[in-house]
Amino acid sequence: MFKRPYLKLFIPAVMAVMVAACSSSPSGSLTSSDANAPQDKSVTLLFNVQSSSIDPHTDVNYTAVRAGVGETLVKVNKDLKLEAWLAEKWNSKDGQHWTFNIRPGVKFHSGKPVDAAAVKASMERAQKLNPSVKNALHIRDIQANGQILKVTTDRPFPEFASELVHPNTAVIDTSSTDALPSGTGPFKAASFRVGSELNLERNDQYWNGEVKLKQARFLFNEDANARQLAFQAKDADIVYRPPIESLDLLKADSTVKVDSLPSLRTHQLIYNMNNNDLKKTAVRKAFDHLINRDEIANGIMSGQGTPAQGPFLSGFPFSPAYAMKKFDLSAARDSFKQAGYSVQDSKVKTPDGQALHLTLLTYQSRAELPLISQLIQANAKELGITIDIRQVDNIDEYLAAHQDWDLATYSSITAPRGDASYFLNAAYMPEGALNYGHVHLPKLEAVITKLNRAVNEEQRNKLALEAVSMIDQETLQSFLVHPNNVVAYRNYVHNWVTSQSEYYLLTQDLDVD
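Treat the numbers as computed from the prediction; the structure is a model and nothing was measured.

### Concerning the overall build of the chain
Turning to step 1, where the next piece is worked out: A tally of helices and strands in the chain yields 15 helices and 22 strands.
Turning to step 2, where the next piece is worked out: Relative to a compact globule of 513 residues, whose C-alpha radius of gyration would be 24 Å, the chain shows 24 Å and is just as compact.
Turning to step 3, where the next piece is worked out: Viewed in the frame of its principal axes, the chain has a C-alpha envelope of about 70 × 65 × 35 Å.
Turning to step 4, where the next piece is worked out: Relative to its full complement of 513 residues, the chain shows a buried share of 57%.
Turning to step 5, where the next piece is worked out: The contacts in the chain between residues at least 6 apart in sequence include a share of 70% that link residues at least 24 apart.
Turning to step 6, where the next piece is worked out: Accessible area for the chain stands at about 21,200 Å²; split by element, carbon and sulfur atoms hold 48% of it.
Turning to step 7, where the next piece is worked out: Taken as two groups, the 53 positive and 57 negative side-chain charges of the chain have centres that lie 3 Å from each other.

Now the structure itself:
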C-alpha cells in the first residue's frame, strides 16, 4: 500500500492557519456589505496553473477566456453542446464552406466595433502565432463583409465550429496598441504580472448586459498547500483545486462551499517513443500493469476521482468496453518477458543484461501528480527498475523543448466539447499539439483522418471508438484517473459555476454579498 507522509505534515499547518483565520476579520473588501457599495464588489480567484502570458492566442492556460477577458465565436454549455457567443449563428451545407453571422453591437474593450473584418484579423493572428491553432482549424480562406464571415476549410471539416470553442481562438482587437489584450468579455485586463496575478476591471459596455462585479483578481499559485493557506487566510474567495486532503476540513467550515464533480480531464502517463525500451508495446503494457489505479483514485485522491481505463469517461459512446486494468506485478513480469527481457530473482533485466533506469517528469500544479509519480516509482522498484523523478515548472514547455525524459505524468481535458476528435488529433497525429511522446502509428492516423472527414454522428462515434480501441491495444499511453473538478469558495460568493469544461470561470453573473 502506498504511504502518504505528506498528510501528517500538512494537516497541522492547515489547522494552525484555520485557527488564526477564525480569529481574524475577513480580509479585503469582500465580506462586508456595509463597507462595499454594490458597484465596488470584487472577488479573488486563486488558480492552480501559472500563466506566463495572457495573450489568448498563445497562452496554454487559457487565462484570458477563463478570466472573462476574451470570448470565442462559439462556446460550449453545461450539457457540452455548442452555443452561440460572438457568432449569433452559423451554417454549412457541406462541412467545408461556413458562414458565421457576427453578433452586431459588440465592442472590444478598446471601443472598436466587432465586425467580420476584425474577427478575420484575429483569426489570422491566432493561426500565425500558434501552429496548433493553424493545424486544428484547417482554414484555406476567410472572407469578411460587414457582419458576415465566410470561412472555407482545406477539406470537409464538420467539426470546424466545434474547434472555435477553443480558448486559443478568442477574438481580440488586433489593432489595439495596448500591452494587454483587448477582448470583448465582461472584464477588462487592468494589469498582469507574469506567473503571479491578473487584475481585472468591469467592462461597463459589455454587450450581454450587467456585470455584477466591479473588479476581480485572478491569482496563480501552483503549490496546493499554499493555495489552501491563502484561502484559509481569506486572501482568496475562490480556490481552484485545493489539496484533496484538506476537503474534510473545508467541508466542516460553515462559511465554505465545496464543489466536487467529475471532470472531462484525464491524468495520463506519457511514454517517450524515442526511448528504445518504450518503443516496444509489451514494455509499455508492463508499465501499465505497474499502475495501481485504485490506490490513485481512493488513496492519493481520497475518492475524488475515478480509475481511468482509457482517455474518455466510460459514458461516452466512443469509449470501448475495456478489460479492467489492474495493478499486477506478475503480469508486468510476463509482459517484460514477452518483450525479450529477462527476469531473475523477480528483477527485470534488458536483453543486454542491464537494469532499467528511466526518468519520469512531473509537475506540482496538480498536487496529486508528484504523488502518483512516487507510486509508480515504488511499484517499478519491486521489479528492480530505477525511476528518477524530476519536477519541472512548465510541463508543456519542457515536453515540447526537451527529449531527456522517458515517462511523464500529464493531465488534459480530453473531450471538452463531448467529442473525441480534439484529443485524438492533438495527442496522436504527427502535428498534434499534445503529441509529446512522438507517437507515430500510421493505421491510427488513417482512422483519425477518416474521423475528421466524417459528418454523420454515428459514423464519427464508430471511427472514434475504433481509434480509442487501437490506442488501448497498443498502450500508446497509460490513463490513470479521471479527477474530480474540486473548487472551494466562500458562502458569500454567488453564481459560481464549477463546470466540466473549466473554460469559463469569471463571468458577468458572478457576485458577492
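### Quick word on the packing of helix α8 (residues 281-289) against helix α15 (residues 457-474)
Turning to step 1, where the next piece is worked out: The N-to-C vectors of α8 and α15 enclose an angle of 85°; their axes lie 8 Å apart at closest approach. Considering their axes alone, α8 and α15 lie roughly perpendicular with respect to each other. In this structure, α8 contributes Thr281, Arg284 and Lys285 to the contact, and α15 contributes Asp472, Gln473 and Glu474.
Turning to step 2, where the next piece is worked out: Partitioned by chemical class, the residues of the contact of α8 with α15 number no nonpolar, two polar and four charged.

### Quick word on the domain arrangement of the chain
Turning to step 1, where the next piece is worked out: For the chain, the domain assignment lists domain 1 (70-169), domain 2 (187-262 + 485-512) and domain 3 (265-484).
Turning to step 2, where the next piece is worked out: In this assembly, twelve residues from domain 1 lie in contact with nine residues from domain 2.
Turning to step 3, where the next piece is worked out: Taking both sides of the interface into account, the surface hidden between domain 1 and domain 2 amounts to around 970 Å²; carbon and sulfur atoms contribute 65%.
Turning to step 4, where the next piece is worked out: Our enumeration of links across domain 1 and domain 2 arrives at four residue pairs in polar contact (both at pLDDT 80 or more).
Turning to step 5, where the next piece is worked out: Residue classes in the side of domain 1 that touches domain 2 are distributed as seven nonpolar, two polar and three charged.

### Observations concerning the nonpolar core
Turning to step 1, where the next piece is worked out: The biggest cluster of nonpolar side chains holds 143 residues, and the ones touching the most others in it are Leu73, Phe287 and Tyr428.
Turning to step 2, where the next piece is worked out: If near-sequence neighbours (up to four positions away) are discounted, Tyr428 is found in contact with Phe423, Asn435, Val439, Leu444, Glu445, Ile448, Ile471, Leu476, Gln477 and Phe479.
Turning to step 3, where the next piece is worked out: Counting residues in each nonpolar core, the second largest holds twelve residues, with Leu46, Ala230, Val256 and Ala488 among its members.

### Focus on unusual backbone geometry
Glycine aside, residues mostly have negative phi, and peptide bonds are mostly found in the trans state.
Turning to step 1, where the next piece is worked out: Here the phi dihedral of Tyr62 falls at roughly 60°; this positive angle occurs in a residue that is not glycine.
Turning to step 2, where the next piece is worked out: With respect to the helices, strands and loops of the structure, Tyr62 is situated in the loop between β1 (42-47) and α2 (63-66).
Turning to step 3, where the next piece is worked out: In this structure Tyr62 comes out as buried when scored by relative accessible area, which is 16%.
Turning to step 4, where the next piece is worked out: Positive phi, normally seen in glycine, also occurs at Ser302, with a value near 50°.

### Remarks on the sheet that holds strand β4 (residues 87-91)
Turning to step 1, where the next piece is worked out: With antiparallel pairing, four strands are arranged side by side in an open sheet as β4-β5-β7-β6. What marks the edges here is a single partner per strand, and that holds for β4 and β6 (139-145). Strand-to-strand twist in this sheet, taken as the mean axis angle between neighbours without regard to direction, amounts to 20°.
Turning to step 2, where the next piece is worked out: Two strands pair when backbone bridges link them, and strand β5 (residues 97-102) and strand β7 (residues 148-153) are joined in this way by five bridges, in the antiparallel orientation. Bridging across to β7, Thr99 finds its partner in Lys150.
Turning to step 3, where the next piece is worked out: The strands touched by helix α3 (residues 116-129) within the sheet are β5, β6 and β7, with β6 carrying the most contacts at an inclination of about 155°.

### Some points on the pattern of salt bridges
Turning to step 1, where the next piece is worked out: Under the counting rule described, the total for this entry stands at 20 salt bridges.
Turning to step 2, where the next piece is worked out: Between Lys78 and Asp79 there is a salt bridge, with its nearest N and O atoms 3.7 Å apart.
Turning to step 3, where the next piece is worked out: We classify Asp79 as partly exposed; its relative accessible area is 48%.
Turning to step 4, where the next piece is worked out: A salt bridge links Arg293 to Asp288; the shortest N-O distance between them is 2.7 Å.

### Considering the packing of aromatic side chains
Any two aromatic rings considered together are summarised by their centre-to-centre distance and by the angle between their planes.
Turning to step 1, where the next piece is worked out: According to the stated counting rule, one finds 24 aromatic pairs in the structure shown.
Turning to step 2, where the next piece is worked out: Residues Phe47 and Phe218 carry aromatic rings whose centres are separated by 5.6 Å and whose planes lie at 50° to one another, so their mutual orientation is tilted. A residue pair is termed long-range when its members are at least 10 positions apart, and Phe47 in strand β1 and Phe218 in strand β10 (residues 215-220) qualify at 171 residues. Each member of the pair Phe47 and Phe218 is classed as buried.
Turning to step 3, where the next piece is worked out: With a centroid separation of 6.4 Å and 45° between ring planes, the pair formed by Tyr489 and Trp496 is classed as tilted.
Turning to step 4, where the next piece is worked out: A connected cluster of aromatic rings, assembled from ring pairs, spans Phe47, Phe192, Phe218, Phe220, Tyr240, Tyr489 and Trp496.
Turning to step 5, where the next piece is worked out: The positively charged end of Lys75 is found above the aromatic ring belonging to Tyr504, 4.8 Å away from the centroid.
Turning to step 6, where the next piece is worked out: In this structure, Arg155 packs its charged tip against the face of Phe157, placed 5.3 Å from the ring centre.

### Considering the UniProt feature "domain: Solute-binding protein family" (unreviewed entry) in the chain
Turning to step 1, where the next piece is worked out: As annotated in UniProt, the feature "domain: Solute-binding protein family" (unreviewed entry) corresponds to residues 81-428 in the numbering used here.
Turning to step 2, where the next piece is worked out: Counting secondary structure, residues 81-428 comes out at 27% helix and 26% strand; the distance between its end C-alpha atoms is 25 Å.

### Focus on the environment of Glu201
Turning to step 1, where the next piece is worked out: Mapped onto the fold, Glu201 is located in strand β9 (residues 197-202).
Turning to step 2, where the next piece is worked out: What makes Glu201 partly exposed here is its relative accessible area of 42%.
Turning to step 3, where the next piece is worked out: Spatially, the C-alpha atoms of Glu201 and Lys214 are 5.9 Å apart, while their sequence positions differ by 13 residues.
Turning to step 4, where the next piece is worked out: When residues no more than four places from it in sequence are discounted, the contact partners of Glu201 are Pro186, Phe187, Lys188, Ala190 and Lys214.

Rules of the game
Residues numbered from 1 in each chain as written. Predicted model: local features only at pLDDT ≥ 70, side-chain atom pairs only at ≥ 80, totals over all residues. Heavy atoms only, no water. Helix = DSSP H or I, 4+ residues; strand = E, 2+ residues; numbered from the N terminus. Rg over C-alpha atoms; globule rule 2.2 N^0.38 Å. Buried < 20%, exposed > 50% of the residue type's maximum accessible area, 1.4 Å probe, protein only. Contact = heavy atoms within 4.5 Å. Areas by Shrake-Rupley, 256 points an atom, 1.4 Å probe, with all protein chains shown as cover. Lys, Arg positive; Asp, Glu negative; His and termini not counted. Charge placed at Lys NZ, Arg CZ, Asp CG, Glu CD. Axes fitted to C-alpha atoms, helices over the stretch in contact; angles between N-to-C directions. Parallel < 35°, antiparallel > 145°, perpendicular 65-115°, else oblique. Nonpolar A, V, L, I, M, F, W, Y, C, P; charged D, E, K, R; others polar. Domains from an automatic or database assignment. Buried area = accessible area lost by both parts, 1.4 Å probe. Polar contact = N/O pair within 3.5 Å; in protein donor to acceptor, adjacent residues only side chain to side chain. Core = buried A, V, L, I, M, F, W, Y, C linked by side-chain atoms within 4.5 Å. Pairing = 2+ DSSP bridges. Salt bridge = Lys/Arg side-chain N within 4 Å of Asp/Glu carboxyl O. Phe/Tyr/Trp six-rings, centres within 6.5 Å; stacked < 30°, edge-to-face > 60°. Lys NZ or Arg CZ within 6 Å of the ring centre and 35° of its normal. UniProt positions renumbered as here; feature names shortened; annotations may be inferred.

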